[in-house]
Amino acid sequence: MRVIFLGPPGAGKGTQARILRDRFGLEQISTGDILRDNFARGTKLGTQAQTFMKRGQLVPDDLVIEMIEHELERARDGFVMDGFPRTVAQAQALDALLARRRVPLDAAIFFSGDRSALIARLAARWTNPRNGRTYNALTNPPKVAGIDDEDGGELVQREDDRAETVTKRLEVYDRQTRPLVEYYRRAGKLVEVDALASVKAVADRIAAAVGAQHARS
Ligand code: AP5
C-alpha cells in the first residue's frame, strides 16, 4: 500500500501517519522529521535545510527529491508519506519514481480544516525530538508536562511553531502545496478527510478509504 498525506501545518498528518504505519505495517516517510533529524546530527543536508525551515519556507526541490529517492529504497513493501510531495515538481518526481518501480500510488489523503483551529493546535503542540511523537497541551497532554509518557525524555516546542513562522508556513502551503489537491483529484487518487474530527474518527476514515482505494488499484 502506498499513500501520501496532503494538508496544512497542524492538520494531524504526522499523528495519522504513525497510526496508519502501525495499522498496516507500512514504512513512515515524514520529510519534516527526517530533515530535523539531519539537522540534529549535523549533516550537510540538515544544515542546508535548516536555513529554509526556520523561516517557514520549503527546502529546495532537488534536495528533498534526492532524499526521497533514498528513502524509497527502504519502503519497497509500502509507505505512508507525510510532508511529501509539497510542490508540483515533487509530485511529478514521485510519479516518475513509482513508474520506474512499476508500482501505483493508492491514495492521496487531503486533510482539510479551519485555519484558526489548526493555528491553535500548533501553539499547544509538544514534540518528542527523538521520534517525532506529538502531544497537545489542550487535547492530548502528556501525564507530566514536558515529559514523554513512553520514553520519559524531554518534549520540546518546535522553533517553526512560533506564531509568525506559522503564518508564513500557511502562506507557503496555499501558494505551493495546495495546487496538489487538484493534481491528485485529476489523477483520481484524492480522498478528503475532516482534520478537525477526533484522532480516532480521522484514523478510521483513512483506514476505510485507503483499504478501498488499494483494492481498486
Ligand atoms: P513538517 O514537519 O512536515 O510540518 P508541516 O507539514 O507544517 O506539518 P506539521 O508537522 O506542523 O503538522 P501535522 O499536520 O503533522 O500535525 P500533527 O500531527 O503534528 O515540515 C516542516 C518544515 O520542513 C517545512 O516548513 C519545510 O521547511 C520542510 N519540509 C518538510 N517537507 C518538505 C518538502 N517535501 N519539501 C520542502 N520542504 C519540506 O498535529 C498537530 C497538533 O495537533 C499536535 O499537537 C497533535 O497532537 C494535535 N492533533 C493531531 N490530530 C488531532 C485531532 N484530530 N484532534 C485534536 N488534536 C489533534
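Structure first, text after, so check above.
These lines cover the structure that appears in this document, whether it is placed above or below. For clarity, every value in this text was computed on a predicted model and none was experimentally measured. (Residues numbered from 1 in each chain as written. Predicted model: local features only at pLDDT ≥ 70, side-chain atom pairs only at ≥ 80, totals over all residues. Heavy atoms only, no water.)

## Some remarks on empty space enclosed by the protein
Stated precisely, the cut-off is as follows: Note on definitions: the grid is 1 Å and covers protein atoms alone; a cavity is a set of points where a 1.4 Å probe fits but cannot get out; a pocket is an open set with protein on both sides within 12 Å along at least five of seven lines; lining residues have an atom within 4 Å of a point. Grid points are joined across faces, edges and corners, and a volume is the space filled by probe spheres set on the points. Only DSSP runs of H or I covering at least 4 residues are called helices, and only runs of E covering at least 2 are called strands; the numbering of each starts at the N terminus.
On inspection of all chains with the given rule, the structure shows one cavity of 30 Å³ or more. Within this model, the largest cavity holds a volume of roughly 30 Å³. The set of elements that each furnish at least two residues to the lining of the largest cavity consists of strand 1 (2–6) and helix 7 (163–177).

## Some words on the site of the ligand
Operational definition: Whether a residue is near a molecule or strand is decided by its heavy atoms; if any one of them lies within 4 Å of it, the residue is near. Here a polar contact is taken to be a pair of N or O atoms separated by no more than 3.5 Å, where protein atoms must pair a possible hydrogen donor with a possible acceptor and residues adjacent in sequence count only if both atoms sit in side chains. Computed by Shrake-Rupley with a 1.4 Å probe, the accessible areas treat only the displayed protein chains as cover when residues are assessed.
Taken together, 35 residues surround the ligand, and among them T15, Q57, R86, R125 and R169 come closest. Interatomic distance of 2.8 Å between a side-chain N/O atom of T31 and a nitrogen atom of the ligand. R121 places a side-chain nitrogen or oxygen 3.2 Å from a nitrogen atom of the ligand. About the coverage of the ligand: the protein hides 95% of its 1000 Å² of free accessible area. Within the residue set of the shell around the ligand, elements represented by two or more residues are helix 1 (13–24), helix 2 (31–40), helix 6 (115–123) and strand 6 (134–136). The leading source of residues in the shell around the ligand is helix 2, at four residues.

## Some points on the layout of surface pockets
Taking a probe equal in size to a water molecule and rolling it over the atoms shows the remaining empty space. In this model, the second largest pocket occupies a volume close to 600 Å³. Taken together, 26 residues make up the lining of the second largest pocket; nearest its centre are D33, R36, D37, T127 and P129. For the lining of the second largest pocket, the secondary structure elements donating two or more residues are strand 2 (27–30), helix 2 and helix 3 (44–53). Of all the elements, helix 2 adds the most residues to the lining of the second largest pocket, at six residues.

## Looking at the packing of helix 7 against helix 8 (residues 179–186)
For clarity, the cut-off: In this analysis an axis means a line fitted to C-alpha atoms, helices contributing only their contacting stretch, and an angle means the value between N-to-C directions, from 0 to 180 degrees. By definition, residues are in contact when any of their heavy atoms lie within 4.5 Å. Here the nonpolar group is Ala, Val, Leu, Ile, Met, Phe, Trp, Tyr, Cys and Pro; Asp, Glu, Lys and Arg are the charged ones; every other residue, Gly included, is treated as polar.
Between helix 7 and helix 8, the shortest axis-to-axis distance is 5 Å and the interhelical angle comes to 35°. Between helix 7, through D174, R175, Q176 and T177, and helix 8, the contact on the second element is made entirely by P179, L180 and V181. Here the contact of helix 7 with helix 8 is built from residues that sort into three nonpolar, two polar and two charged.

## Focus on unusual backbone geometry
In this structure, P85 follows F84 across a cis peptide bond, with omega equal to 0°. Considering the arrangement of structural elements, one finds P85 in the loop between strand 3 (79–82) and helix 5 (88–100). One non-glycine residue, R102, lies in the positive phi region at around 55°.

## Let's talk about the pattern of salt bridges
Rules: What counts as a salt bridge is simple: a side-chain nitrogen of Lys or Arg found within 4 Å of a carboxyl oxygen of Asp or Glu. Residue exposure (1.4 Å probe, protein chains only): buried if accessible area is under 20% of the type maximum, exposed if over 50%, otherwise partly exposed.
Applying the stated criterion across every chain yields a total of 19 salt bridges. The partner of E71 in a salt bridge is R74, and the shortest N-O contact between them spans 2.4 Å. Classification of E71 as buried rests on a relative accessible area of 10%. With its nearest N and O atoms 3.2 Å apart, the salt bridge here joins R185 to E182. One end of the pair, R185, and the other, E182, are both in helix 8, three residues apart, so they sit about a helical turn from each other. Of the residues examined, R185 reaches a relative accessible area of 44% and is grouped as partly exposed. Salt bridges sharing common partners tie together R125, R158, D160, D161 and R169.

## A few points about the packing of helix 2 against helix 3
Basically, it comes down to this: Helix crossings get a hand from a simple test, with the near helix turned counterclockwise from the far one by less than a right angle marking a left-handed crossing and a clockwise turn marking a right-handed one.
In the contact formed by helix 2 and helix 3, the axes pass within 7 Å of each other and the chain directions differ by 115°. Judged by the twist between their axes, the crossing of helix 2 over helix 3 is left-handed. For the pair formed by helix 2 and helix 3, the contact residues are G32, L35, R36, N38 and F39 on the first element and L45, G46, T47, A49, Q50 and M53 on the second.

Interpretation in functional terms is not warranted from these geometric data alone.
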